[in-house]
Structures are given as structure tokens and as C-alpha cells.
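Survey of secondary and tertiary structure
For reference, the chains in residue letters:
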Amino acid sequence: MIRLAVLGDTHIVNGGLPDNCLLRFITNEHFDLIIHTGDLSNEQVLNYLRRLGELIVVAGESDTIPLPDKELLELEGLRLLIIHGHQKEARLHLRRLAHYFNARLVLTGHTHKAMVQDLGELIVVNPGSFIGSNGEDGTMAIITLDSGLIRVRIQGCGWFNDY
């Protein structure tokens, strides 16, 4: 069994992550891997997340530090595609892109809206904005992979939804 903390769209230009309930949650819980879906925006945030555990990060359109456009992982017998979502091929052809990489799970960002979409052969998860946007609280995703099963929780401050 593998537990993933998935966050994205922090958009912090200067300084580190704000001390909110989600950051305390990541700090106090055990996760095998932390994944940031892009728009991290500064190296201080990157270095802080690296101190919390093993980290995978992809580039968003606001990132100025060199990061990969996408990552492909094989975990618990499942292939995961991580892509921010601002790229034209991701916006227009996400299903085709996932099929090309034989991915069962796609982790994306860009919209700042938490979302879980089960398309049958493919599950798409957007953790939303970790620090919140447009007056909404921050969100993240907690994903558990266990022998081919995928469990997703969208976590906010004081609430969650399981999928």
C-alpha cells in the first residue's frame, strides 16, 4: 500500500508555504510520496516540500525554476501520469495522452478546483489549490494505491470527501 499527498497551484511568488491546516496535515501524517502538480512558483517552497519527504514536481505555466513538463510513475502496478494541465495536449486530449502513456491515473492541476473524475479505465484527479483561491479554502488530494485499487480523498480544512 502506498499513500500519496497530492497538492498543486500554490502560486507563492516570495516566501514559503503558509502555516495552514493542510500543511500541518502533511507534516503530521505519513505519506510515501508527495506530488506537486505545478505552479509551485518558487524554490523556497520546493526546498521545504523536499524536507517533508520524497517529492515529485511538474512545471506549471507560472514556474520559473526548471522542472519537468510531466512525470510518469509506476506504483503498486499502476501507471500514473502527472501533468499540470496548461499544455494544449493536456487540455484538449487528456484521455488520449493518458492512453498513449498507458496511465490508469492522471494527476493534474491548473484549474485550482478540486476534482475527481472516474472515466472507467481512467481516473483523473485535480487536488485544487493548496492555499486556496478566489476566497475558497485550500484543498489537496490523498490517494491510496493498494494492489491495483485506487482510493481518493479530497481534503480541506476540517472536511473531506472520499471517492
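See the structure above.
Everything quoted here is computed from the prediction, not taken from an experiment.

Brief notes about the packing of aromatic side chains
Following the criterion strictly, the structure yields two aromatic pairs and no others. Taken together, a centroid distance of 6.1 Å and an interplanar angle of 55° make the contact between Phe-25 and Phe-31 tilted. With a centroid separation of 5.0 Å and 85° between ring planes, the pair formed by Tyr-100 and Phe-101 is classed as edge-to-face. Look at Tyr-100 and you get exposed, because its relative accessible area is 66%. Here the guanidinium or amino end of Arg-153 rests over the ring plane of Phe-160, the centre of that ring lying 3.6 Å away.

Quick word on the sheet that holds strand β4 (residues 70–75)
Strand order in the open sheet formed by five strands is β4-β5-β6-β8-β7, with mixed pairing between adjacent strands. With partners counted over all chains shown, the strands left at the sheet margins are β4 and β7 (114–118), one partner each. For this sheet, the mean inter-axis angle between neighbouring strands, taken without regard to orientation, is 15°.

What to know about the sheet that holds strand β10 (residues 149–155)
With respect to topology, six strands assemble into an open sheet ordered β3-β2-β1-β9-β10-β11, the strand pairing being mixed. At either margin of the open sheet sits one strand with a lone partner, and together these are β3 (55–57) and β11 (160–162). The average undirected angle you get between the axes of adjacent strands in this sheet is 20°. One ladder, built from five bridges, connects strand β1 (residues 2–7) with strand β9 (residues 140–146); its direction is antiparallel. Counterpart to Val-6 in the pairing with β9 is Ala-141. Docked against the sheet, helix α1 (residues 21–28) engages β1, β2 (33–36), β9 and β10, running at close to 25° with respect to β9. Of the strands in this sheet, β1, β2 and β3 touch helix α2 (residues 43–52), which is tilted by about 145° from β3.

Some remarks on unusual backbone geometry
At Asp-9, a position not held by glycine, the phi torsion is positive, near 50°. Residue placement: Asp-9 occurs in the loop between β1 and α1. The phi angle at Asp-39 is positive, at roughly 60°, despite the residue not being glycine.

Section: the nonpolar core
Ranked by size, the top nonpolar core spans 22 residues in total, and within it Leu-4, Ile-35, Leu-80, Leu-105, Leu-107, Ile-143 and Leu-145 carry the most contacts. For this core, the secondary structure elements donating two or more residues are β1, β2, β4, β5 (78–83), β6 (105–107), β8 (123–127), β9 and β10. Apart from the residues lying within four places of it in its own chain, the contact partners of Leu-107 are Val-6, Ile-35, Thr-37, Leu-80, Leu-81, Ile-82, Ile-83, Val-125 and Ile-143. Residues Leu-40, Leu-55, Phe-130 and Ile-142 belong to the second largest nonpolar core, which totals 21 residues.

Section: the state of the cysteines
A complete count under the given rule lists one disulfide for this structure. Linked covalently through their sulfurs, Cys-21 and Cys-157 form a disulfide whose S-S length is 1.8 Å. On the S-S bond that ties Cys-21 to Cys-157, the torsion sits near -110°, and the link is left-handed. Pair noted here: Cys-21 is in helix α1 and Cys-157 is in the loop between β10 and β11, with a separation of 136 residues, a long-range link.

Parameters and conventions
Residues numbered from 1 in each chain as written. Predicted model: local features only at pLDDT ≥ 70, side-chain atom pairs only at ≥ 80, totals over all residues. Heavy atoms only, no water. Phe/Tyr/Trp six-rings, centres within 6.5 Å; stacked < 30°, edge-to-face > 60°. Buried < 20%, exposed > 50% of the residue type's maximum accessible area, 1.4 Å probe, protein only. Lys NZ or Arg CZ within 6 Å of the ring centre and 35° of its normal. Pairing = 2+ DSSP bridges. Helix = DSSP H or I, 4+ residues; strand = E, 2+ residues; numbered from the N terminus. Axes fitted to C-alpha atoms, helices over the stretch in contact; angles between N-to-C directions. Contact = heavy atoms within 4.5 Å. Core = buried A, V, L, I, M, F, W, Y, C linked by side-chain atoms within 4.5 Å. Disulfide = S-S within 2.5 Å.

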